[in-house]
Amino acid sequence: MFTTIISHQACSNHEPPQGHPECSQRLAAVLSALEAEEFAYLPRIEAPLATMDMLTRLHGRAHVDYILSQVPQTGTQALDADTHVSPGSGEAALRAAGAVAHGVELILTGQTRTVFCAVRPPGHHAEPDRAMGFCLFNNIGVGVHHARAMGLRRLAVVDFDVHHGNGTQRLAESDPDLFFASTHQWPLYPGTGRVEETGPAGNILNVPLKAGCDSDGFRQAFSDQILPALLAFAPEMIFISAGFDAHWRDPLGGLDLNERDFGWATAEVMNIADQCAKGRVLSSLEGGYDMDALARSTTHHVRALMRL
Ligand SMILES: [Zn+2]
């Protein structure tokens, strides 16, 4: 069984203002890491555009229309202090969300075991009615709802980005069959992700980590808290919000992880997926703002998805 890579060149055409950390070089770094010989035989698929139906399963129609209406003819348009759109942002955002939905289809029709979506803009901060934190649409959320439309019920999202995935948590708060588990630095943007935020149905697990937390601290938290809860929830498919900004080199985060930690965490999630979810794992790129760290972390992450 293969790991399939889903991406699209249009994801490079979302161009926040010069100097913005969420830049198109990020995708180039990820794709260049995936050009290594060890990944040469992996199927590569061009991401289709997400449809309005896919987006409005979780986003308000007004939000989708607003985002697309803000896309300028030239230059950039600010949606908030951090989040901008440029002429290529509409297609990039639709391809990023469409990649995850298509990945779900490939997995659920048995065409691949695991998927890595090399896309941007990222998605985990995007709330049903608000773009924020560099995110326009909640890509993973689109995948979750697409899996539902294809007949699955119990789903899980594991988010190891250094920032808390507030947008995905918002989805889980009103969806008891969606388990959301996150490790993240706290306090840090966006300010959510306290231990007490468990959701009304107790299906949310936040494991905040202090600045400076290293590999040992991360692995212990992941082993002691995330993995047992994930297995106990018994999802039918597991999504990974794969942000690599908890890497020690990252300029936006203050954790002290290295690329091997992301490979380890991915392999542990794969083990749980084997036990309850027929090995179904879909990962989508979130943050990661140091180009070397991003490339190396991608290598370790995709190796784990391939079970190398
Ligand atoms: Zn992040």
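Throughout what follows, the structure given in this document is the object of discussion. A quick note: this is a predicted structure, and the numbers were derived from the prediction, not measured.

### Regarding the overall build of the protein chain
Phase 1: Summing up its helical and strand segments, the protein chain has nine helices and 10 strands in all.
Phase 2: Expected size for 308 residues packed as a compact globule is a radius of gyration near 19 Å; at 17 Å, the protein chain falls within 12% of this value.
Phase 3: With respect to the principal axes defined by its C-alpha atoms, the protein chain has extents near 50 × 45 × 40 Å.
Phase 4: When the 308 residues of the protein chain are sorted by exposure, 54% land in the buried category.

### Focus: the packing of helix H7 (residues 215–233) against helix H8 (residues 259–276)
Phase 1: Between H7 and H8, the shortest axis-to-axis distance is 11 Å and the interhelical angle comes to 15 degrees. Comparing their axes, H8 and H7 come out roughly parallel. In the packing of H7 onto H8, the handedness of the crossing is right-handed. Between H7 and H8, the residues in contact are Ser215, Phe218, Arg219, Phe222, Leu227, Leu230 and Leu231 and Asp261, Trp264, Ala265, Glu268, Ile272, Gln275 and Cys276, respectively.
Phase 2: Across the contact of H7 with H8, the residue classes tally to nine nonpolar, two polar and three charged.

### Quick notes on unusual backbone geometry
Phase 1: In this model, Arg120 is joined to Pro121 through a cis peptide bond whose omega is 5 degrees.
Phase 2: Secondary-structure assignment places Pro121 in the loop between strand E5 (114–118) and helix H5 (139–149).
Phase 3: The linkage connecting Trp186 with the following residue, Pro187, adopts the cis geometry, with an omega of 0 degrees.
Phase 4: Topologically, Pro187 is positioned in the loop between strand E7 (178–185) and strand E8 (204–209).

### Observations concerning helix H9 (residues 291–305)
Working note: α-helix, 3.6 residues per turn, so residues spaced by three or four point in the same direction.
Phase 1: Helix length check: H9 (15 residues) gives 21 Å between terminal C-alpha atoms against 21 Å at 1.5 Å per residue, within 8%.
Phase 2: In terms of residue burial, H9 counts as a mostly covered element, since 12 of its 15 residues are buried.
Phase 3: All of the buried residues along H9 are Ala293, Leu294, Ala295, Arg296, Ser297, Thr298, Thr299, His300, His301, Val302, Ala304 and Leu305.
Phase 4: Those residues of H9 that are buried lie in contact with strand E1 (3–7), helix H1 (24–33), E5, strand E9 (237–242), H8 and strand E10 (281–285).

### Quick word on H1
Phase 1: Of all the positions in H1, only Arg26, Leu27, Ala29, Val30 and Ala33 are classed as buried. Buried residues of H1, viewed axially, fall in a sector of 155 degrees; they line one side.
Phase 2: Buried residues in H1 make contact with E5, E10 and H9.

### Structural notes on the nonpolar core
Phase 1: Within the largest apolar cluster, 87 residues are counted, with the highest numbers of intra-cluster contacts made by Ala97, Val158 and Ile238.
Phase 2: Here the element with the most residues in this core is helix H4 (residues 89–108); it accounts for 10 residues.
Phase 3: In contact with Val158, other than residues within four places in its own chain, are Ala181, Ile226, Leu230, Ile238, Ile240 and Val269.

### Notes on the environment of Pro251
Phase 1: Within the fold, Pro251 resides in the loop between E9 and H8.
Phase 2: Between the alpha carbons of Pro251 and Ile226 there is a distance of 26 Å; along the sequence they are 25 residues apart.
Phase 3: With sequence-adjacent residues up to four places away left out, Pro251 is seen in contact with Pro21, Tyr289 and Asp290.

### A look at the environment of Glu91
Phase 1: By the element assignment, Glu91 lies in helix H4.
Phase 2: Here Glu91 falls in the partly exposed class, since 19 other C-beta atoms lie within 10 Å of it.
Phase 3: Spatially, the C-alpha atom of Glu91 lies 9.3 Å from that of Ala50, the residues being 41 residues apart in sequence.
Phase 4: Among residues more than four places away in sequence, those in contact with Glu91 are Ala10 and Asn13.

### A look at the sheet that holds E5
Phase 1: The strand order across the open sheet formed by eight strands is E2-E1-E5-E10-E9-E6-E7-E8, and the pairing between neighbours is parallel. Strands at the two margins of the open sheet, each flanked by one partner only, are strand E2 (44–46) and E8. Going from strand to strand, the sheet's axes swing by 15 degrees on average, the running direction of each strand aside.
Phase 2: One ladder, built from five bridges, connects E1 with E5; its direction is parallel. Each residue of the ladder has a partner; that of Ile6, found in E5, is Cys117.
Phase 3: Along the sheet, H5 contacts strand E6 (155–159), E7, E9 and E10; its crossing angle with E9, the most-contacted strand, is approximately 170 degrees.

About the thresholds
- Residues numbered from 1 in each chain as written.
- Predicted model: local features only at pLDDT ≥ 70, side-chain atom pairs only at ≥ 80, totals over all residues.
- Helix = DSSP H or I, 4+ residues; strand = E, 2+ residues; numbered from the N terminus.
- Rg over C-alpha atoms; globule rule 2.2 N^0.38 Å.
- Buried ≥ 20, exposed ≤ 12 C-beta atoms within 10 Å, placed from the backbone.
- Axes fitted to C-alpha atoms, helices over the stretch in contact; angles between N-to-C directions.
- Parallel < 35°, antiparallel > 145°, perpendicular 65-115°, else oblique.
- Left-handed = near helix turned anticlockwise from the far one by under 90°.
- Contact = placed C-beta atoms within 7 Å.
- Nonpolar A, V, L, I, M, F, W, Y, C, P; charged D, E, K, R; others polar.
- Expected span 1.5 Å × (residues − 1).
- Arc of directions from axis to C-beta.
- Core = buried A, V, L, I, M, F, W, Y, C linked by C-beta atoms within 7 Å.
- Pairing = 2+ DSSP bridges.

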